[in-house]
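Architecture at a glance
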Amino acid sequence: MKKEENSKGNRYGMVIDLDKCTGCGLCTIACASENNISVLYDESDKTRNIAWLQISMVTNGKEFPETEVVYIPRPCMQCDNPPCVPVCPATATRKDPNTGIISQIYTRCIGCRYCMAACPYHARAFNWFDPLFPEGMDRYLSPEVSPRMRGVVEKCTFCHHRLMRAKSKAYAEGRRDLKENEYIPACVEACPTKAITFGDLNNSEHTISQLIKSPHAFRLLERLGTKPKVYYMSTKNWLKRMADNYLTGEFK
Amino acid sequence: MEFNRRNFLKFVAGGLGGTLLSPLPWKLIDDIAIWTQNWAWVPVPERGKFSYIKTVCTLCPGACGIQVRKVGSRAVKIEGRSEYPVNQGAICPLGMAGLQTLYNEGIRWKAPMKRVGPRGSEKWKEISWDEALDTLTTRIKGLRDKGVPEELAAIDGNQSRSTMALLIKRLLSSIGSPNYLRMPQEEDTHTMVNFLMQGINGPLAFDLENTDFILSFGCGLLDGWGFPGSMLSVWRHWISDEQKKHKTHVVQVDPRASNTASKADIWLAPFPGTEAALALGIAHVIIKEKLYSKEFIENHCFGFYDWFDEKGVEHKGFSGIVLGKYSPANVEIITGIKRRVIIEVARKFASAHAPIALAGRGKGTFPGSLYEFMAVYALNALKGRINTKGGTLITDDVPLAPWAEVEYDSVANNGLTKERLDRAGTSQYPFTRSLIHKFTEAINGNQSSPVDTLLLCSANPVYTIPDNQSFIQALAKIPFIVSLSPFMDETSMMADMILPDHSHLEKMIDIVRPTGIQYPLYALSQPVVKPLYSTRHSGDVIISLAKRIGGSVAGSFQWANFEEAVKERVSGLYDAGKSKVSWEDITKNGYWYTPSHSFGEWTDIFKTPSRKFEFFSTEIELALKAYSKGLRPVGAYALEGKSFDDTLLDLGIRSKGDEVYMPHYEELKSSGDKNQYPLLFLPIEFINLASGWIGSPPFLNKTLFDHQLTKDDLFVEVNPKTASQYRLAEGSRAILQSSKGELSVRIHLFDGAMPGVIFVPFGLGHTAYDKYLKGKGVNPNEIIDPIEDPLSGQPVWWNTRVKVIKA
Amino acid sequence: MEADAKKPGRLKMDGWIFFLVGLIAALIVGWMVFPLLLYSEKSQPLIFSHASHGPESDAGLDCEECHFFYEDGTFSGIPGIKKCMECHEDPESPLSENSEEVKLFTDYVGTKKEIPWLVYARQPDCVYFPHIAHVKMAEIECKVCHGDFATRKVPPTYKLNRLTRYSIDIWGRNIAGYKKNTWDTMKMDDCADCHKRKGKENNNACFVCHK
């Protein structure tokens, strides 16, 4: 368990305030655009398409006009105790000791999809097809993220290249330490209502370390022991109850 | 020595040993491993210098500041500009995916094209720009030679105040055609309200940033309403942690649990089309409980109390009518909202520090109902929220320098005396500037088309206008259609010639006072990348066209190119603000504005005939009476009584008496019969699905749920109770049939949908564009059977009735 | 034949000659023929002399003049034609009598085409290498990885690996992968070893160098 604490390095995490999330989808689009994610002609095929950050839509189950819709953006949870890592036979996915981010090396991946089976959050996607950037759209591909090939698994990296970008900038300015918010993933930057807070969970000065102490903070499927570094916040009890598989009467 | 089997084996063994002692196998394994990673068809993005170009997104009139990240000469990512006054970092999904409109070769015209097959056969031949411009010039010159310049028409989707729109309008005027049509939008209705109640000819503005209570009558504030980037940034401000102490409360009126309704503090769901009654019910409570602003009502309003005209005739005031007709009990019957809730919301609205009542529908892409918008706006007046901080604002225009007057020759003068084909601005539709469905009717109602040549600019009416099938019929009759669209959209597929524009990131273009923004702001975009194809800026095309036509037309276009035309207007800004600015400053920043608002005195700001805020609109009175006069010979017309009421029925106004000059509730009869078509068909809009003239980019498809689109099937939202009446289950296939046609859809059961209503999203069902869009889902416009909104004449698109047939 | 076969000593020798022939042939193929087959030689578009541009030369340019860091910390790499034109601006007044400069003017400056340099150190797309972390922060000299380019009069022959499509300098010019100098090979192991040697083992986490 000591390994998970990762007390020396950074432990990047995210808090998503579901009361602030309006379901606009910008995080998904910013992510796709930042990370050279390919687009299928039929994106409605959710078993074949690729999205590093998917949005789930849930309702409180009440009848009209008491119905309420809530959206849950789901990036990779970057678990402190990741179920995907030990199952990889090719050592293609690891937990980075410096950042706590779960890496995925596409050139190393053999496409067995054990990690996908192991991940309880469906955060990973498999390239069933060659990446599709047809007719000129390969011109917007960013060299900061390597495009994937058919037959490998990919997933959210917390925009790791943005960490490298921020570090290079800091180095250019003669600094080694990053300021808060100097490195944020594309989805955090894009969120128009600032529903997502990003930072170092090991740094008590970062806003996020305070936010996760809130009584409204929770994680998805917390009782599996995966220790996700992506937290959610909501004042709605019905929503919190949805975050894990509780027996009747068990929640609160 | 014999090379026998034994020795051969020795040779092989030696060879094997030698090979193992050489680097060959190890090196080969390593190289092959790398070789397996090199798939020629997996793109390797080219590296280069990273840079950011700051500009403005002009995909809609919202004018969000964006910065485009570039690698070398390629644009790779669009982000919001946090220092831009309009949107402060927030942009909308379409803007974020803007690179897919730039680089997607499958949707862009790459050069001027001439149709070679029959219309719609999509057979094209590339032509030179010279040939294209010559063809059009000859055509227009021919019309002028025949003395029928009015047979040239243009449909323009550019923002009405932008330089592009001004140029196109100027071209038509100088040629001599009054038939300059604009795509309908919600701002049209707001502008009419502003004119009728405040006497000001311009869009309404709302100080949303400083309000603490929003009463939204259907505006999809979080569903892409009006100016999504700026709206989202305002919402962020409302809910920010710093704002928690005086949080902005949102009351959303919506027939469906939309994103906005779900995030609102109170959600009200009246029967669609009864929003005006709800507003007046709230007004009733405010008036009855004397919660209105006495200072404003008593000193600066006309028509609130009963009054006498100069002939001594008594007229009912707004308060009298509202108190008489719109009691919460009555309104409950009309709207289905409990009287208790109406009273509660009215009190909350009245007791808020800075409340705003906002009329609108969905994204605000289409016009609203005039009387309804007036009724909602009246709530602002009741609380004296006109031109105050956190209220509605009466803003100055952007002080752009005017161009020289248009030069008219005799042909032009003669042409301009002809009546517009859509009859907008005539005594029948006195307050409306453009009526595209009447234009359609005028063409379809004639044996031969009264339009010879049609220009289309930044518009895709074949896809976007309600009842698009009638429009398609009209297009088929027009002899020559020219599209200036950069995209292979539905309308350009019906054209005879394409003069493709640059895409938004390849050109400079301006937006003057972005929709809904609370201060005079001028936004100017910058080219981010060099034009990829042989396209031309439509502004330059218009100018060179005018020059080719020659004479007074050329005389009206003295600029060498579009940039010069913009520069001339912008020159008015250099000294207009607090500090001097230059052209370079404005192009660098991408904007010019005066942030502080001068709140004029209530005594000075209203430009109505009474110089007051008018609950009783003198302009409407003058217009209706003038219309009645125009119908009958002198002396035989009536200005009141039964004959007058019958005249009003022509205009769709069913109310009688003084009410017709005031905000009131008109029950809009649907064109479909309730027994035959028992369900209401209500198009809805999603922020993450572009439904305007620009097709939704592929990235947006990633955000659609599979209960919205699965393969090519569009899902419509139906309340489970309604669905069970028709034995429809989740995923059932069904046919929606209206008097205009039918759509094949699948059913999604949604608790948040009002019973008896079928909600169908706008934005899918394209018949053009590429494989990412074409053929996915259906387009609600195909079966909308619009009726005319009373007085404004705008098409009512939310009132179609349908029946469901289980497929 | 049978008589020959009965001679014990010769029999042994006879057989092993075949073995030796096989062994030597394989060694020749493995050490000499294979490299010839594996690599194709390509010549740089221009014969650029670092020696006549560098700090010791008449031109006296610092390395950073052309190979500099941008403000955001990214490395400029090989300069574009614009940089060349800062000095080689006018074809009418060349700076030297070198035929390569004439080529520069006619083929590239005149046509505004970038020079398609062949990059010896080009890594696969999945590799992320921040020069600034190594050059500025760790103060590693250029030649530690690239060799002493600054004094070269003629660029080395570019050898393209036909299989991998990368330069020979990644694996190293020695076919056995034998490494004498730090700059001889540029494989992942070289990065990892150096990180380890310098006590930066944490930097061997996958995402530090992969993207």
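Because the structure is predicted, anything quoted here is derived from the model rather than measured.

Quick word on the overall build of chain C
Counting secondary structure elements, chain C contains ten helices and two strands. Reading chain C from its N end, one meets helices and strands in the order α-α-β-α-α-α-α-α-β-α-α-α. Taken along its principal axes, the extent of the C-alpha atoms in chain C is 85 × 50 × 30 Å. A burial count over chain C gives 33% of its 211 residues as buried. Restricting to contacts in chain C with at least 6 residues of sequence separation, those with at least 24 account for 59%. In the structure as shown, chain C presents an accessible area of about 13,400 Å², 59% of it carried by carbon and sulfur atoms.

Concerning the interface of chain B and chain C
Contacts between chain B and chain C engage 29 residues on the former and 33 residues on the latter. For the pairing of chain B and chain C, the buried interface totals around 2,700 Å² over both sides, and the portion due to carbon and sulfur atoms is 71%. Joining chain B to chain C, the criterion identifies one salt bridge. Note that Asp30 of chain B and Lys187 of chain C form a salt bridge whose closest N and O atoms lie 2.6 Å from each other. Counting across the chain B and chain C interface gives six residue pairs in polar contact (both at pLDDT 80 or more). Here the element with the most residues in the side of chain B that touches chain C is helix 1 (residues 5-21) of chain B; it accounts for ten residues. Looking at the side of chain B that touches chain C, its residues break down into 14 nonpolar, eight polar and seven charged.

Remarks on the side chain of His766 of chain B
All names here are of chain B. Secondary-structure assignment places His766 in the loop between strand 29 (757-761) and strand 30 (787-788). Here Glu490 takes part through its side chain, which lies 2.6 Å from a polar atom of the side chain of His766. Among residues more than four places away in sequence, those in contact with His766 are Tyr463, Glu490, Gly695, Leu773, Lys774, Gly775 and Lys776.

Overview of a nonpolar patch on the surface
Residues and elements named next belong to chain C. On the surface, Leu20, Ile24, Ile28, Val29, Trp31, Met32, Val33 and Leu37 cluster together to form a nonpolar patch covering roughly 720 Å² of accessible area. Following the sequence through the fold, Val33 ends up in helix 2 (residues 8-38). Val33 sits in the partly exposed class, given a relative accessible area of 33%.

Looking at the packing of aromatic side chains
Taken as a whole and judged by the stated rule, the model has 51 aromatic pairs over all chains. An angle of 55 degrees between the planes, with centres 5.9 Å apart, marks the rings of Tyr140 of chain A and Phe699 of chain B as tilted. Residue Tyr140 of chain A is located in the loop between strand 6 (124-126) and strand 7 (153-155), and its partner Phe699 of chain B is located in helix 28 (residues 698-701); the two belong to separate chains. Each member of the pair, Tyr140 of chain A as well as Phe699 of chain B, is classed as buried. Here the aromatic cluster, defined as three or more aromatic residues joined through ring pairs, consists of Tyr292, Phe296, Phe304, Tyr305, Phe318, Tyr377, Trp602, Phe606, Phe613 and Phe615 of chain B. Directly above the aromatic system of Phe126 of chain A lies the positively charged group of Arg113 of chain A, at a separation of 4.9 Å from the ring centroid. Sitting above the plane of the Trp16 of chain C ring, Lys10 of chain B keeps its charged end 5.9 Å from the centroid.

Examining the interface of chain A and chain B
On the chain B side, the residues contacting the 70 residues of chain A number 71 residues. Counting each side, the surface lost to burial between chain A and chain B is near 5,700 Å², with a carbon and sulfur contribution of 63%. If you look at where chain A meets chain B, you find seven salt bridges. Across the chain A-chain B interface, the total number found is 28 residue pairs in polar contact (both at pLDDT 80 or more). Broken down by element, the side of chain A that touches chain B gets its largest block of residues, seven residues, from helix 2 (residues 26-34) of chain A.

Description of the domain arrangement of chain B
All names here are of chain B. In terms of domains, chain B is made up of domain 1 (5-37), domain 2 (109-187 + 399-501 + 536-580), domain 3 (208-390), domain 4 (618-661) and domain 5 (679-806). The centre of domain 2, based on its C-alpha atoms, is set 31 Å off from the matching centre of domain 5. The interface of domain 2 with domain 5 comprises 29 residues on the first partner and 25 residues on the second. Here domain 2 meets domain 5 over a buried area of about 2,100 Å², counting both sides, of which 55% is carbon and sulfur. Ranking the residues of domain 2 by area buried against domain 5 places Tyr463, Pro466 and Asp467 at the top, with a combined share of 30%. The interface formed by domain 2 and domain 5 contains two salt bridges. In this structure, Lys740 engages Asp467 in a salt bridge whose closest nitrogen and oxygen atoms are separated by 3.2 Å.

Observations regarding the state of the cysteines
Residues and elements named next belong to chain A. Counted by the stated rule, this structure contains zero disulfides over all chains. Among the cysteines around Cys24, which has no disulfide bond, Cys27 carries the closest sulfur, lying 6.4 Å off. A relative accessible area of 6% means that Cys24 is categorised as buried. Left unpaired, Cys79 is separated from the closest cysteine sulfur, that of Cys76, by 6.4 Å. The buried category is assigned to Cys79, whose relative accessible area is 7%.

So, the pattern of salt bridges
Side-chain pairs of opposite charge can arise whenever the charged atoms involved come near each other. Residues and elements named next belong to chain B. One pass over the full model with this rule turns up 64 salt bridges over all chains. Lys114 is paired through a salt bridge with Glu131; the nearest N and O atoms lie 3.6 Å apart. Linking Lys114 in strand 4 (residues 113-115) with Glu131 in helix 5 (residues 129-145), this pair joins segments that are 17 residues apart in sequence. With relative accessibility at 30%, the residue Lys114 sits in the partly exposed group.

Concerning the packing of helix 17 (residues 436-444) of chain B against helix 19 (residues 468-477) of chain B
All names here are of chain B. Packing of helix 17 against helix 19 leaves a shortest axis separation of 9 Å and a crossing angle of 50 degrees. On the basis of their axis angle, the class for helix 17 and helix 19 is oblique. Judged by the twist between their axes, the crossing of helix 17 over helix 19 is left-handed. Contact with helix 17, carried on its side by Ile436, Thr440, Ile443 and Asn444, involves Ser470, Phe471, Gln473, Ala474 and Lys477 of helix 19 and no other residues of that element. Taken together, the residues of the contact of helix 17 with helix 19 break down into four nonpolar, four polar and one charged.

Conventions and cut-offs
Residues numbered from 1 in each chain as written. Chains lettered and ligands numbered in written order. Predicted model: local features only at pLDDT ≥ 70, side-chain atom pairs only at ≥ 80, totals over all residues. Heavy atoms only, no water. Helix = DSSP H or I, 4+ residues; strand = E, 2+ residues; numbered from the N terminus. Buried < 20%, exposed > 50% of the residue type's maximum accessible area, 1.4 Å probe, protein only. Contact = heavy atoms within 4.5 Å. Areas by Shrake-Rupley, 256 points an atom, 1.4 Å probe, with all protein chains shown as cover. Buried area = accessible area lost by both parts, 1.4 Å probe. Salt bridge = Lys/Arg side-chain N within 4 Å of Asp/Glu carboxyl O. Polar contact = N/O pair within 3.5 Å; in protein donor to acceptor, adjacent residues only side chain to side chain. Nonpolar A, V, L, I, M, F, W, Y, C, P; charged D, E, K, R; others polar. Patch = residues over 30% accessible without salt bridge, like charges linked within 9 Å, V, L, I, M, F, W, Y side chains within 5 Å. Phe/Tyr/Trp six-rings, centres within 6.5 Å; stacked < 30°, edge-to-face > 60°. Lys NZ or Arg CZ within 6 Å of the ring centre and 35° of its normal. Domains from an automatic or database assignment. Disulfide = S-S within 2.5 Å. Axes fitted to C-alpha atoms, helices over the stretch in contact; angles between N-to-C directions. Parallel < 35°, antiparallel > 145°, perpendicular 65-115°, else oblique. Left-handed = near helix turned anticlockwise from the far one by under 90°.

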